[in-house]
Protein chains: 2
Amino acid sequence: MSSWATSSIETPTLAVSTVIFALRPNGDGCLQLATPLVRRIRAPFEGQWALPGGPLNTDEDLATSASHTLRDTTRLEPRYLEQLYAFGSVDRAGGKLAERVVSIVYWALVGADEADRAIQSENVQWFWADELPTLAFDHNQIIEYALGRLRNKIEYSRIAHVFLSETFTLAQLREVYEAVLGRELDPGNFRRMVESTGTVEETGERLAGTRHRPPKLYRATTITAGETK
Amino acid sequence: MSSWATSSIETPTLAVSTVIFALRPNGDGCLQLATPLVRRIRAPFEGQWALPGGPLNTDEDLATSASHTLRDTTRLEPRYLEQLYAFGSVDRAGGKLAERVVSIVYWALVGADEADRAIQSENVQWFWADELPTLAFDHNQIIEYALGRLRNKIEYSRIAHVFLSETFTLAQLREVYEAVLGRELDPGNFRRMVESTGTVEETGERLAGTRHRPPKLYRATTITAGETK
């Protein structure tokens, strides 16, 4: 970036960032969508929170760059990163940057266990996705966009299961949908919706516990190649 | 790009390209997916065909850049361009480039009328999407990826209607699906699929003509905001 002054006419700087979502229990014991952010320690936007990321190294593929900066800053290593979108409006730094930066953004989901293992420090923290402060650059809009993708995708793919263990009750699955979609769902309608899509099947087991009629346990049906993309 | 030698460590060049699809009648009178390509007139890949595109100007947004190079090279002006993907593998130029280029690719559909109005010359031609020569860079893979997106999208959105006039018969709609998906569809199953999705409705009119029982005309139902995205 130091050579920007001489090359600015032709080459915007390229950065790669990542939005990570996890479902974490909030103070009320409900699951809520959370995302890890990194505090910027230099200008522009010094002291503000931003997505994990950094400039693209010329010897790294895009997804490799995303994984690498994510691991370095948060220690998170999601099994699968998906490209979300390239954000490149001319004015996206709000006039605070001499250089223009285009960000190619990846996103991924991690389970609660992996989220618990991530670095947390003064400069790396998890935020509730719907209670964000004003972030650096256009990162608030980027997270909004990622939330839209997640909410859209949960309705036609099996990604909800990333947030669950191998077997789960329909109530647990519904809790994931409710947390992601941000609204309550009618249990009967939800059951019919899930059964009609064929994305889950009964395991034949029931939840261990003391209840008189413990709820049935389900598992995700096999994923066809490419279906979650 | 001339400053590449001094800035290569930190800043890959950014290009924006566009994949355009139209359905055009082939020699057999059937519709077939076609895409316009531009012949490269300089190294690397001089003389080979490539997607319309060019380096990103620092004063242009990404989609503006895509529209602008598309209009300049082909005179095509689709109403709506959608971002497809950012392609940035380290080796995507097959060793033919000293500099690294990351391409942010847009895609769009155009109707047959607009396709007919596009520039055609020695250096700008339409190709059948499934009969492409070896293209410059990784543009064969990019078009394959765009075809996958189109085929996936036609099954859950209303984009097929871009290829049709305002009213159409179910046979015409099926012909569009068959051309895009590259396989024949059973007319009865197709009718039931279309009716179940609620994406079309009867107009109450029938196709004008001499047949004893001319087929019914349909139109697309109103599109909900965001649904085609």
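See the structure printed just above.
Residues numbered from 1 in each chain as written. Chains lettered and ligands numbered in written order. Predicted model: local features only at pLDDT ≥ 70, side-chain atom pairs only at ≥ 80, totals over all residues. Heavy atoms only, no water.

A. Layout of the overall build of chain A. Of the regular secondary structure elements, chain A holds six helices and nine strands. Each of the three principal axes of chain A carries a C-alpha extent, and together these read 70 × 40 × 25 Å. Taking all 229 residues of chain A together, the buried fraction comes to 48%. Intrachain contacts of chain A at a sequence separation of at least 6 include 62% that bridge at least 24 residues. Accessible surface computed for chain A: about 11800 Å², of which carbon and sulfur atoms make up 47%. Taken together, the 25 basic and 30 acidic charged side chains of chain A have centroids lying 4 Å from each other. (Helix = DSSP H or I, 4+ residues; strand = E, 2+ residues; numbered from the N terminus. Buried < 20%, exposed > 50% of the residue type's maximum accessible area, 1.4 Å probe, protein only. Contact = heavy atoms within 4.5 Å. Areas by Shrake-Rupley, 256 points an atom, 1.4 Å probe, with all protein chains shown as cover. Lys, Arg positive; Asp, Glu negative; His and termini not counted. Charge placed at Lys NZ, Arg CZ, Asp CG, Glu CD.)

B. Examining the packing of helix α5 (residues 170–181) of chain A against helix α6 (residues 187–197) of chain A more closely. Residue and element names in this part refer to chain A. In contact at an axis separation of 11 Å, α5 and α6 are set at 95° when each is read in the N-to-C sense. Of the possible angle classes, the one that applies to α5 and α6 is roughly perpendicular. Taking contact as the criterion, the partners of L170, L173, R174 and Y177 in α5 are, on α6, P187, F190, R191, M193 and V194. Taken together, the residues of the contact of α5 with α6 break down into seven nonpolar, no polar and two charged. (Axes fitted to C-alpha atoms, helices over the stretch in contact; angles between N-to-C directions. Parallel < 35°, antiparallel > 145°, perpendicular 65-115°, else oblique. Nonpolar A, V, L, I, M, F, W, Y, C, P; charged D, E, K, R; others polar.)

C. Representation of the sheet that holds strand β9 (residues 200–206) of chain B within the structure. All names here are of chain B. With respect to topology, three strands assemble into an open sheet ordered β8-β10-β9, the strand pairing being antiparallel. Looking at strand neighbours, the two that pair on one side only are β8 (167–168) and β9, the edges of this open sheet. As paired strands, β9 and strand β10 (residues 216–220) are joined by four bridges and run antiparallel to one another. Within β10, the residue paired with V200 across the bridge is A220. (Pairing = 2+ DSSP bridges.)

D. Representation of the side chain of H139(A). All names here are of chain A. Within the element layout of this structure, H139 appears in helix α4 (residues 139–154). A distance of 3.0 Å separates the side chain of H139 from the backbone nitrogen of L51, its partner in a polar contact. Aside from chain neighbours lying at most four places away, what touches H139 is A50 and L51. (Polar contact = N/O pair within 3.5 Å; in protein donor to acceptor, adjacent residues only side chain to side chain.)

E. Geometry of the environment of V19(A). All names here are of chain A. Within the fold, V19 resides in strand β1 (residues 13–25). A residue is classified by how much of its surface remains accessible, and V19, at 0% relative accessible area, is buried. Taking the C-alpha atoms as reference, V19 lies 6.8 Å from I143; in sequence the two are 124 residues apart. Apart from residues no more than four positions distant in its own chain, V19 is found in contact with T35, L51, V105, Y106, W107, A108, I142, I143 and A146.

F. Local environment of helix α6 (residues 187–197) of chain B. Put simply, D186(B) is the residue that caps the front of α6(B), since its side-chain oxygen is 3.2 Å from the backbone nitrogen of G188(B). With its phi angle positive at about 70°, G198(B) sits one or two positions after the end of α6(B).

G. How the structure looks around α5(A). All names here are of chain A. End to end, α5 covers 16 Å across twelve residues, agreeing with the expected 16 Å (1.5 Å per residue, within 8%). Extensive coverage of α5 is indicated by the burial of nine of its twelve residues. The complete set of buried residues in α5 reads L170, L173, R174, V176, Y177, E178, A179, V180 and L181. On its buried side, α5 packs onto β1, β2 (31–39), α4, α6, β8 (200–206) and β9 (216–220). Looking one or two residues past α5, G182 carries a phi angle of roughly 70°, positive in sign. (Expected span 1.5 Å × (residues − 1).)

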